[in-house]
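Topology and contacts: notes
Each chain, letter by letter, is given below.
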Amino acid sequence: MAEPVKPTRRYDSPRRRQQASATRSDILAAAQRLFERQGYAATTMAAVAAEAGVALKTVYVAFETKSGVLRALWHVLLRGDDETAPVGERRWHLEVIEEPDPARQLALNARNSRAVKQRAGALLGVIRNAAPADPDIDALWERIQAEFYALQRQVVESLDAKGALAPGLDVTRATDILWTLNHPDVWNLLHGQRGWTAEQYEEWFRETTISRLLR
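These lines cover the structure that appears in this document, whether it is placed above or below. None of the values given here were measured: they were computed from a predicted structure.

Turning next to the layout of surface pockets. It is the rolling of a water-molecule-sized probe over the atoms that shows where space remains empty. Taken as a whole, the largest pocket encloses approximately 440 Å³ of empty space. Along its surface, the largest pocket is lined by 26 residues, and L78, V87, V116, F148 and L151 are the ones closest to its centre. Elements supplying a minimum of two residues to the lining of the largest pocket: helix 4 (66-79), helix 5 (91-98), helix 6 (102-130) and helix 7 (135-161). Ranked by residue count, the leading element in the lining of the largest pocket is helix 7, at 7 residues.

Under the counting rule described, the total for this entry stands at 7 aromatic pairs. Residues F35 and Y40 carry aromatic rings whose centres are separated by 5.6 Å and whose planes lie at 35 degrees to one another, so their mutual orientation is tilted. Take F35 and Y40: they sit in the same class, and that class is buried. Taking 6.2 Å as the distance between ring centres and 45 degrees as the angle between the ring planes, the aromatic pair formed by Y201 and W204 counts as tilted. Taken as a pair, Y201 and W204 lie in helix 10 (residues 198-213) at a separation of 3 residues, close to a single helical turn. On the accessibility criterion, W204 (24% relative accessible area) is partly exposed. A network of ring pairs unites the aromatic residues W187, W196, Y201, W204 and F205 as a single cluster. For K66, the ring lying beneath its charged end belongs to Y40, and the centroid distance is 4.2 Å.

Counting through the fold element by element, N112 comes out in helix 6. For N112, a relative accessible area of 8% gives the class buried. What N112 contacts, discounting residues up to four positions off in sequence, is W92, H93 and V96.

Once that is clear, we can look at the environment of F148. Its location among the elements puts F148 in helix 7. Spatially, the C-alpha atom of F148 lies 8.7 Å from that of H183, the residues being 35 residues apart in sequence. Residues in contact with F148, not counting those within four places in the same chain, are W179, N182, H183 and P184.

Counting 34 residues, the largest nonpolar core has F35, V59, V69, L70, W74, L123 and I127 as its most contacted members. Elements represented by at least two residues in this core include exactly helix 1 (14-38), helix 2 (45-52), helix 3 (56-63), helix 4, helix 6 and helix 7. Discounting chain neighbours no more than four positions away, the residues touching L70 are F35, Y40, L123, I127, I137 and L140. In terms of nonpolar packing, the next biggest core, distinct from the first, is built from 23 residues, A174, I177, L178 and Y201 among them.

Within this structure, the stated rule accounts for 10 salt bridges. Note that D185 and R128 form a salt bridge whose closest N and O atoms lie 2.4 Å from each other. Here the residue D185 occupies a position in helix 9 (residues 184-193), and R128 occupies one in helix 6, the gap between them amounting to 57 residues. You can call R128 partly exposed: its relative accessible area is 27%.

Criteria and cut-off values
- The numbering scheme is per chain: residues are counted from 1 as the chain's sequence reads.
- Only residues with pLDDT of 70 or above have their local features reported here, since the model is predicted, and side-chain atom pairs are shown and tallied only from 80 upward, although totals for entire chains, interfaces and linings are computed over all residues.
- Side-chain descriptors were evaluated using all non-hydrogen atoms of the structure, hydrogens and water having been removed beforehand.
- For cavity detection a 1 Å grid was placed over the protein atoms alone, and a set of points counts as a cavity when a 1.4 Å probe fits there but cannot get out; an open set counts as a pocket when protein lies on both sides within 12 Å along at least five of seven lines, with lining residues being those that have an atom within 4 Å of a point.
- Grid points are joined across faces, edges and corners, and a volume is the space filled by probe spheres set on the points.
- Numbering of helices and strands starts at the N terminus; helices are DSSP runs of H or I of at least 4 residues and strands are runs of E of at least 2.
- Centre distance within 6.5 Å is the pairing criterion for rings of Phe, Tyr and Trp, where only the six-membered ring of Trp is used; planes under 30 degrees apart are then read as stacked, over 60 as edge-to-face, and the remainder as tilted.
- Remark: exposure states derive from per-residue accessible area (1.4 Å probe, protein chains only) relative to the maximum for the residue type, with buried under 20%, exposed over 50%, and partly exposed in between.
- A ring is considered to have a charge above it if a Lys NZ or an Arg CZ atom is located within 6 Å of its centre and within 35 degrees of its normal.
- Only heavy atoms matter for contacts: two residues are in contact if any of them lie within 4.5 Å across the pair.
- Residues belong to a common nonpolar core when they are buried Ala, Val, Leu, Ile, Met, Phe, Trp, Tyr or Cys residues joined through side-chain atoms within 4.5 Å.
- Salt bridges are counted wherever a side-chain nitrogen of Lys or Arg sits within 4 Å of a carboxyl oxygen of Asp or Glu.

Read these as geometric descriptors, not functional statements.
Given below as structure tokens:
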């Protein structure tokens, strides 16, 4: 009687997971350099693999498509790490919502804006520029803007609940103002084109939102 065939056991180990994570990080760092230097359209998967020093197959296995690489890179730069928790659940965002003082809330929001823009501002320009020619990237850009608006609305709703909004402002109008002032295009204009430092941007954004939104 033939012996039963033992099922193949998938080999896994903390060391292998660490190596896979390091390779993934190397690929994303390489993609960021290429995307920001030469744009999305001109960057190929083969170029990303060569820049990262890995096989082309490795890049495809990890991300499947070039748009998959860009999406993964965006999420890492937005959140600041590889964890899956969305921005709305991050401590640095919840700190803004939970802060009892309205002016301090907007100061913390300015701090977060600066941190995110420093990490992801250049890539946001890449995504925006690539969107018109690529349906996948266009969908990503639209989702980024919608999620960004929703997060800023949370901040405004918290201010409104405290009765802190300036006379004549409702939640929608105040959110429109905050979203516009916090938009990555403004960062790219002031920091990228006019040469403002990150500190100058944060100070301007903080003072402008406090003076414009609060009573």
